[in-house]
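Observations on chain architecture
Letter by letter, the chains look like this.
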Amino acid sequence: MVDPLLAFAALAPLAVVAALLVGALWPATRAMPIAWATAAIVGVVAWNMPIEWVLAASISGVLTAVEILWIVFGALALLYTLMRAGAVDRINAGFVAISEDRRVQVVLVGFFLATFLEGVAGFGTPAAVVAPLLLALGFPPLAAVVAALVGHAIATTFGAVGVPVRPGVEEPLGALESLSSAEAVDVTLQAAGSAALYQVAVGVFMPLVAVGMVVHFFGDPEERSLPAILEVVPLCLFAGIAFVVPFALTALFVGPELPSIVGAMVGAAVVVAVLRAGYLHPDEEWSFRAQEQWPEHWIGEIDPGSAGSLSGPDAGDAVDSSPDAADTTDAAGTSGDAPTASMSLARAWTPYVILVVLLIATRDFTPIGVALTELSALAPAWDAILGTDIGGEVRWAYVPGTWLALSALAAIPLFGMDRGQVESAWREAGQKLVSPAVALVFVIAMVGIMTESGTAPNAPGGDSMMIVLADATASVVGDVYPAVATVVGVLGTFITGSITVSNLTFSQLQYDVAVQLGLPTHHILAAQMVGAAIGNVLAIHNVIAALATVGLVGQEGRVVRLNLFPVLYYVVAMGAIVSVVTLL
């Protein structure tokens, strides 16, 4: 039985986040230091954590923050380099050639490109790459972040080459005495297959959810009617089906490593072919209202539109981002060596192709990926921080930041850029890291305290704050647990910012609860996996990182508020479906 006082104490840091970040709309740079202090006090008072354990857990979190900031810097360096070269304008013209309708662009870029990047890279790469691309297409920065986060949520179920499943689910199940290694693998694969089928039922609507959110929250207030959404229902449903069918078949018959990649590649090819053939395209083009009418909180330090406008608010009026303007405008007023008009679409996309190849070649299923994570020089570790059992590492060579930066470097000779252009791009990328660095350090330091609290010498029951919260949830709901199993997964990712960590932390708990209640274990584990995936849209440090790539740090609360809608949809839909399935 969970001690109610401990459960309320464990909830305190999250209550502070909800009140200040989501309720009062404080920027994360103000709210998260208070949340960290709350977690530290709870750790010392309620979990008997010595001061050195609190500091060690915080330091471990800071090391993780360094990895995330490196990813953000790499994404910004690549983006600004391509802007200065004029490649972003050419890419935009390519999307416009398929459709100028913003709703269609959400499907193609916010859904298919983002899900593909999640499959090959993960680690926050989809939002870090897609949000700036949508921004460059002319999306409001806030809309770009929401579309990028929501659009790739379904693909995070299996993440980058199946990591959230293996080791995310398989490793904690393998540690159970009641299961042999072979049984743990079998249960994991059953759960993965069930999760894929649940996504067929629920995730198939995610393109429509993403488009609906963009239309409703960022359209003209006088035109937020259903017709603008209903007009693209056929396209969105077709896109969802085109993705989930190969996604689920790959999960069921191949394994958890490739569903997101196969689903995105097959689905995108089919949808683009259908659009080019003249089918399913909306009859009337939909776009955002004039930028002068946008609320201030939609826009940050980077103006949306053509690359020529992406030097910040002081750079002057936004440059026309139409295809004709894209042919004549150089990037940020500095690029003249590679005019967009003479640049082929294949050449403009080449740095991203290089990025995908590098990411695939360096994941941990390849010898290179193994070396990048095991060689101490490439993944420096700090074991027994301050004499505790807590450790941390910075896998600088493995995380996508390195390969994003190398792709940016490869773009320099490809586009014939001069030194001034490169220095300007990389300097601006570095300047954009200051605000998110402060927020991220405190966010992940708080997470470190909450997850490591159970390792303290005198921790009550030896359970962390996260385990106590999950146990309390299971105790309160009892027999209706299938209806809330998804919530546990959401909670894990919201707190830790990692689907894999959520699965590592709660898969064993979900399995044990299912056994105690006589429920099908693979269905409850599937609910954990799907919940962890949709929880990614609320993970605060993911939101901070995405906002940083569009120059909008400080609007974390608004993004979390908006993204509660798809999370509530998933929680209700999954709760109902899992409850029915487990009764059969």
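Residues numbered from 1 in each chain as written. Predicted model: local features only at pLDDT ≥ 70, side-chain atom pairs only at ≥ 80, totals over all residues. Heavy atoms only, no water.

1. Comments concerning the overall build of the protein
- Secondary structure assignment for the protein yields 25 helices and two strands.
- Radius of gyration (C-alpha) of the protein: 23 Å, near the 25 Å computed for a compact globule of 584 residues.
- For the protein, the spread of C-alpha atoms along the principal axes amounts to about 70 × 50 × 50 Å.
- Within the span of the protein, comprising 584 residues, buried residues form 60% of the whole.
- Of the contacts made within the protein by residues no fewer than 6 positions apart, 77% connect residues no fewer than 24 positions apart.
- For the protein, the exposed surface amounts to about 20,900 Å²; the carbon and sulfur share of it is 63%. (Helix = DSSP H or I, 4+ residues; strand = E, 2+ residues; numbered from the N terminus. Rg over C-alpha atoms; globule rule 2.2 N^0.38 Å. Buried < 20%, exposed > 50% of the residue type's maximum accessible area, 1.4 Å probe, protein only. Contact = heavy atoms within 4.5 Å. Areas by Shrake-Rupley, 256 points an atom, 1.4 Å probe, with all protein chains shown as cover.)

2. Let's talk about helix α3 (residues 51–85)
- Its 35 residues place the ends of α3 50 Å apart at the C-alpha level, agreeing with the 51 Å of an ideal helix rising 1.5 Å per residue.
- Across the 35 residues of α3, 27 count as buried, placing the element largely inside the fold. (Expected span 1.5 Å × (residues − 1).)

3. Some details on the side chain of Thr 521
- Residue placement: Thr 521 occurs in helix α23 (residues 521–534).
- Judged by its relative accessible area of 16%, Thr 521 falls in the buried class.
- Apart from residues lying up to four places away in sequence, Thr 521 is in contact with Val 187, Tyr 511, Ala 514 and Val 515.

4. Some points on the environment of Thr 350
- Residue position: Thr 350 is located in helix α15 (residues 345–361).
- Between the C-alpha atom of Thr 350 and that of Leu 433, which follows or precedes it by 83 residues, the distance is 26 Å.

5. Brief notes about the nonpolar core
- Counting 204 residues, the largest nonpolar core has Trp 47, Val 109 and Leu 173 as its most contacted members.
- A total of 19 residues in this core trace back to one element, the largest contributor, which is α3. (Core = buried A, V, L, I, M, F, W, Y, C linked by side-chain atoms within 4.5 Å.)

6. With respect to the layout of surface pockets
- For the second largest pocket, the calculated volume is near 650 Å³.
- Around the second largest pocket sit 26 residues that line it, and Phe 95, Leu 108, Leu 113, Ala 268 and Trp 349 are the ones nearest its centre.
- Where the lining of the second largest pocket is concerned, the elements lending two or more residues are α4 (87–98), α5 (102–120), α6 (125–137), α13 (259–276) and α15.
- Residues that form the lining of the second largest pocket fall into these classes: 23 nonpolar, one polar and two charged. (1 Å grid on protein atoms, 1.4 Å probe; cavity = no way out; pocket = protein on both sides within 12 Å on 5 of 7 lines; lining within 4 Å. Points joined across faces, edges and corners; volume = space filled by probe spheres on them. Nonpolar A, V, L, I, M, F, W, Y, C, P; charged D, E, K, R; others polar.)

7. Observations concerning the environment of Val 169
- Position of Val 169 among the secondary structure elements: in the loop between α7 (141–151) and α8 (170–174).
- Sequence spacing of Val 169 and Leu 275 is 106 residues, and the spatial spacing of their C-alpha atoms is 39 Å.
- Val 169 has contacts with Pro 164, Thr 188, Asn 503, Ser 507 and Met 529, leaving out every residue within four places of it along the chain.

8. Description of the packing of aromatic side chains
- Per the stated rule, a full pass over the model turns up 15 aromatic pairs.
- With 5.6 Å between their ring centres and 80° between their planes, Tyr 569 and Tyr 570 make a pair best called edge-to-face.
- Assessed through its relative accessible area of 25%, Tyr 569 is described here as partly exposed.
- Residue Tyr 570 is classed as buried on the basis of its relative accessible area of 1%. (Phe/Tyr/Trp six-rings, centres within 6.5 Å; stacked < 30°, edge-to-face > 60°.)

9. Some details on helix α10 (residues 206–218)
- With 13 residues, α10 extends 18 Å between its outermost C-alpha atoms, agreeing within 8% with the 18 Å of an ideal straight helix rising 1.5 Å per residue.
- Most of α10 is tucked away, with 11 of its 13 residues classed as buried.
- Residues of α10 that are buried: Met 206, Pro 207, Leu 208, Val 209, Ala 210, Val 211, Gly 212, Met 213, Val 214, Val 215 and Phe 218.

10. Remarks on empty space enclosed by the protein
- Tallied over the full model, the rule gives one cavity of 30 Å³ or more.
- The volume enclosed by the largest cavity comes to roughly 40 Å³.
- Lining the largest cavity, in full, are Ala 75, Leu 78, Leu 79, Ala 128, Val 129, Pro 132 and Tyr 352.
- Of all the secondary-structure elements, those providing two or more residues to the lining of the largest cavity are α3 and α6.
- Tallied by class, residues from the lining of the largest cavity come to seven nonpolar, no polar and no charged.

11. Section: the pattern of salt bridges
- Per the counting criterion, the structure on display carries five salt bridges.
- Here Arg 103 makes a salt bridge to Asp 101, at a shortest N to O gap of 2.7 Å. With respect to class, Arg 103 is no different from Asp 101; both count as buried.
- Taken together, the shared-partner salt bridges in this structure form one network comprising Asp 101, Arg 103 and Glu 231. (Salt bridge = Lys/Arg side-chain N within 4 Å of Asp/Glu carboxyl O.)

12. Remarks on the packing of helix α24 (residues 540–549) against helix α25 (residues 556–583)
- At a minimum axis separation of 10 Å, α24 and α25 run at an interaxial angle of 115°. Considering how the two elements wind past one another, α24 and α25 form a crossing that is right-handed. Contact with α24, carried on its side by Val 543, Ile 544 and Leu 547, involves Glu 556, Val 559 and Val 560 of α25 and no other residues of that element.
- Across the contact of α24 with α25, the residue classes break down as five nonpolar, no polar and one charged. (Axes fitted to C-alpha atoms, helices over the stretch in contact; angles between N-to-C directions. Left-handed = near helix turned anticlockwise from the far one by under 90°.)

13. Describing the confidence of the model for the protein
- Of all residues in the protein, 91% attain a pLDDT of 70 or more, and the chain-wide mean is 84.
- Here residues 306–339 is modelled with pLDDT under 50, and outside its nearest four sequence neighbours on either side it reaches 74 contacts, counting other chains as well. (pLDDT = per-residue confidence, 0-100.)

14. Quick look at a nonpolar patch on the surface
- A surface patch of nonpolar side chains, about 820 Å² in accessible area, is lined by Leu 197, Val 200, Ile 241, Val 245, Leu 249, Leu 252, Phe 253, Val 254 and Leu 258.
- For the nonpolar patch, the element with the highest residue contribution is helix α12 (residues 233–253), accounting for five residues.
- Residue position: Val 254 is located in the loop between α12 and α13.
- On the basis of relative accessible area, Val 254 is assigned to the exposed category, the value being 58%. (Patch = residues over 30% accessible without salt bridge, like charges linked within 9 Å, V, L, I, M, F, W, Y side chains within 5 Å.)

15. Concerning unusual backbone geometry
- A positive phi is found at Asn 48, a non-glycine position, where the angle reads about 55°.
- Asn 48 sits in the partly exposed class, given a relative accessible area of 38%.
- At Ala 384, a residue that is not glycine, the phi angle is positive and equals roughly 50°.
- Ala 384 gets classed as partly exposed once you look at its relative accessible area, which sits at 44%.

16. A word on the environment of Val 447
- Along the chain, Val 447 turns up in helix α19 (residues 434–452).
- Taking the C-alpha atoms as reference points, Val 447 and Ala 148, separated by 299 residues in sequence, lie 24 Å from one another.
- Dropping the residues within four chain positions of it, Val 447 is found in contact with Ile 495 and Thr 496.

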